[in-house]
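Spelled out from the first residue to the last, the chains are:
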Amino acid sequence: MGVKTVVAVVGPTACGKTRRGVALARYLDGEIVSADSRQVYRGMDIGTGKDLEEYGSVPYHLIDVAPAGYKYNLYEYVRDARRALDDIATRGRRAVIVGGTGLYVETLLKGIVLPEVPANPMLRQRLAGKSIDELAAILATMKTLHNTTDIDTAQRAVRAIEIEEYYREHPEAAAMARSPRPVDALLVGIDIPRDERRHRISQRLRHRFDCQKMTAEVESLLDKGIAADDLIYYGLEYKFITLYVTGQISAQEMMTGLETAIHQFAKRQMTWFRGMERRGFTIHWLPWDMPQDEMNDTVANLLSATP
């Protein structure tokens, strides 16, 4: 098959993925393809950790491609990411996929081609008011639930049911989704000890609040007319800060709840990546504090040695 031309850098939040991915892209004459479900939104910079100043002259894709308030989905991500990969390849450069959204990374690398599934207003009306447990039970009759991503909110569960219903009514769409075009990539994981990860998450969160930029960012989005419910939908920083600035929780509740939620999120990220390994992916875990020159050489050696 020859030398792999795509590198994917994955790991939990606060492990330094962006810095590592950009450094590798610079070293490998590559371009970044983001695999972060929230960095696609314009104006959501601090809470999503875009750190655009780190990119320098390194080109990047799938960042700032949708307006805040929009609900960018997996179908759109796979479509746009495949286009970016093809574009990068035609110019003879290397794609470096960077991100912590495991569902995006895995679906893209598996090469699953998703048909566009339109909204079903009648189905949504029938499902309105049902609990997450009730929606999960319905979805379980339609597909095997391998993870909780589809049912972590009622909105996501309804959308998952909507997709499965569409597949039942349109078998040709289901067949398309089951005819993958895998992306042959070298997967590199940034391995950070749990205690260090928790320390870096807490430290980063305190810094963002000390400079008051995160709260100001959410207030600015609300001032621009983005609905509070839409920001809450994005979760983590946007959920808890929106609840705070709209007077629904106290500052202490915001900080405590957000810190706990981010730690839980990082744990779920690692659970996903370990699950990818069980599902047949090889992830080469490299220490989070490895010198960059050493990481560059290690990745280059892996690229040349991997069939």
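Sequence order as written defines residue numbering, which begins from 1 separately in each chain. In keeping with the model being predicted, local features are shown solely for residues with a pLDDT of at least 70 and side-chain atom pairs are shown and tallied solely at 80 or more, while totals for entire chains, interfaces and linings include all residues. For the side-chain quantities, the full set of heavy atoms in the structure was used; hydrogens and water were omitted.

Asks: I tried to follow the pattern of salt bridges on my own but got confused; where do I start?
Replies: When the charged atoms of two side chains lie near each other, side chains of opposite charge can form a pair. Any Lys or Arg side-chain nitrogen found within 4 Å of a carboxyl oxygen on Asp or Glu counts as a salt bridge. Taken as a whole and judged by the stated rule, the model has 17 salt bridges. The closest approach of N and O atoms between Asp 87 and Arg 91, which form a salt bridge, is 2.8 Å. Only protein chains enter the calculation, and the probe is 1.4 Å; a residue is then buried if its accessible area is under 20% of its type maximum, exposed if over 50%, and partly exposed in between. Overall, the relative accessible area of 33% leaves Asp 87 in the partly exposed class. The residue Asp 195 makes a salt bridge to Arg 194 at a minimum N-O spacing of 3.5 Å. Residue Asp 195 is classed as exposed on the basis of its relative accessible area, which comes to 57%. Each of the salt bridges in this network shares a partner with another, and the network as a whole consists of Asp 29, Glu 31, Asp 87, Arg 91 and Arg 93.

Asks: Got a minute to help me understand the nonpolar core in this structure?
Replies: Soluble globular proteins tend to bury their nonpolar side chains together. By size, the foremost hydrophobic cluster in this structure holds 61 residues, and its most contacted members are Val 33, Tyr 77, Ile 97, Leu 109 and Leu 187. Setting aside anything within four residues of it in sequence, one finds Leu 187 in contact with Ala 8, Val 10, Val 105, Leu 109, Met 276, Phe 281, Thr 282, Ile 283 and His 284. One finds Val 9, Leu 28, Val 188 and Met 290 within the second-largest nonpolar core, a separate group that totals 24 residues. Take the buried residues of types Ala, Val, Leu, Ile, Met, Phe, Trp, Tyr and Cys, join any two whose side-chain atoms come within 4.5 Å, and each joined set is a nonpolar core. Two residues form a contact once any of their heavy atoms are found within 4.5 Å.

Asks: Which parts of the structure should I look at to understand the pairing of strand E1 (residues 6–10)?
Replies: Each regular strand carries side chains that alternate between the two faces of the sheet. Of all the five residues making up E1, five are buried; the element is thus mostly covered by neighbouring parts of the structure. Covered by surrounding structure in E1 are Val 6, Ala 8 and Val 10 together with Val 7 and Val 9, the residues of both alternating faces. Paired strands are those between which DSSP finds at least two bridges. Counting from the N terminus, the helices are the DSSP runs of H or I reaching at least four residues and the strands are the DSSP runs of E reaching at least two. The sheet contact formed by E1 and strand E6 (residues 94–98) spans four bridges and is parallel. Within E6, the residue paired with Val 9 across the bridge is Val 98. In this structure, E1 lies alongside strand E7 (residues 185–191), joined through five bridges in parallel fashion. When the sheet's bridge partners are listed, Val 9 is paired in E7 with Val 188.

Asks: Explain the sheet that holds strand E4 (residues 60–61) here, please?
Replies: Neighbouring strands of a sheet are bound in pairs by backbone hydrogen bonds; such pairs are parallel or else antiparallel. Sheet architecture is open: six strands sit in the order E4-E2-E6-E1-E7-E8, paired in parallel fashion. Unpaired on one side and paired on the other, E4 and strand E8 (283–287) mark the two borders of the sheet.

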